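Coordinate analysis (summary)
Chain by chain, the residues:
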Amino acid sequence: VLRSLGIPTRVITNFNSAHDRNINLSIDKYVDISGKTLHLTEDSVWNFHVWNESWFIRRDLGSFYDGWQVLDATPQERSKGIYQCGPVSTRAIKEGDVNLDYDSSFVFAAVNADYVTWICYSNKRKERIYSDTRKIGKFISTKAVGTNSRVDVTANYKYPEVKEISFKISYSQYKNSLMDDRKILVTAV
């Protein structure tokens, strides 16, 4: 419909798409002490989810947010009392502006939520035991114009994931490495 009105529009597919029911920007999984999944949340991760993007000027938000806007024709949650989603600026999603109108927090979570596993103890205490910051929002794609090729538009939605380098050193080694860094900095000046 939007294309017939002359509005540029394209279909977007998000793989490992988060469905954050409580809008806390994380997908929470709960397990008991034996590792059995407890169904304490309605959060989920879908293999993929599809929505549309259309090119709009955003006079309501300012020119910073002009450009591609997310519109979901199949919203799963109520927004302001009705089933709707968008228009959400992809720029707002990338910048983490989750407090804007039109479901920016929901779309942000769909592409960038943390996947967090909690262990629940019998005394109602819970402890975070795992957090994956890179699982959600993979290969966000659209179809290329004039061909059947895939165009990766992930960079429109989020900054590149930072590689975490895991290593263990003693505190004194860490402290000494800071001193070495200072020496290098002073030498370089």
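Scoring rules and cut-offs
- Residues numbered from 1 in each chain as written.
- Predicted model: local features only at pLDDT ≥ 70, side-chain atom pairs only at ≥ 80, totals over all residues.
- Heavy atoms only, no water.
- Phe/Tyr/Trp six-rings, centres within 6.5 Å; stacked < 30°, edge-to-face > 60°.
- Helix = DSSP H or I, 4+ residues; strand = E, 2+ residues; numbered from the N terminus.
- Buried < 20%, exposed > 50% of the residue type's maximum accessible area, 1.4 Å probe, protein only.
- Pairing = 2+ DSSP bridges.
- Salt bridge = Lys/Arg side-chain N within 4 Å of Asp/Glu carboxyl O.
- Patch = residues over 30% accessible without salt bridge, like charges linked within 9 Å, V, L, I, M, F, W, Y side chains within 5 Å.
- Areas by Shrake-Rupley, 256 points an atom, 1.4 Å probe, with all protein chains shown as cover.

Description of the packing of aromatic side chains
All chains considered together, the criterion is met by five aromatic pairs. Ring centres of tryptophan 51 and tyrosine 157 lie 6.0 Å apart, and the angle between their planes is 55°; on these two criteria the pair is classed as tilted. A residue pair is termed long-range when its members are at least 10 positions apart, and tryptophan 51 in strand β4 (residues 44-56) and tyrosine 157 in helix α3 (residues 154-157) qualify at 106 residues. Taking relative accessible area as the criterion, tryptophan 51 reaches 4% and is therefore assigned buried. On the basis of relative accessibility, which here comes to 0%, the residue tyrosine 157 falls in the buried class.

Looking at the sheet that holds strand β1 (residues 9-19)
With antiparallel pairing, the six strands of this open sheet are ordered in space as β8-β5-β4-β1-β11-β12. The open sheet has two edge strands with one neighbour each: β8 (88-89) and β12 (150-152). In terms of strand pairing, strand β11 (residues 138-143) meets β12 through three bridges, oriented antiparallel. Paired with lysine 143 across the two strands is arginine 150, which belongs to β12.

Concerning the pattern of salt bridges
One pass over the structure, following the stated rule, counts five salt bridges. In this structure, glutamate 53 and arginine 10 form a salt bridge, with 2.7 Å as the shortest nitrogen-oxygen distance. Within this pair, whereas glutamate 53 is found in strand β4, its partner arginine 10 is found in strand β1, the two being separated by 43 residues in sequence. Arginine 10 matches glutamate 53 in its accessibility class, with the two residues each being buried.

Some words on a nonpolar patch on the surface
A cluster of nonpolar side chains, contributed by Val11, Phe15, Phe48, Val50 and Phe139, occupies part of the molecular surface with about 450 Å² of accessible area. For the nonpolar patch, the secondary-structure elements that each account for two or more residues are β1 and β4. Along the chain, valine 11 falls in strand β1.

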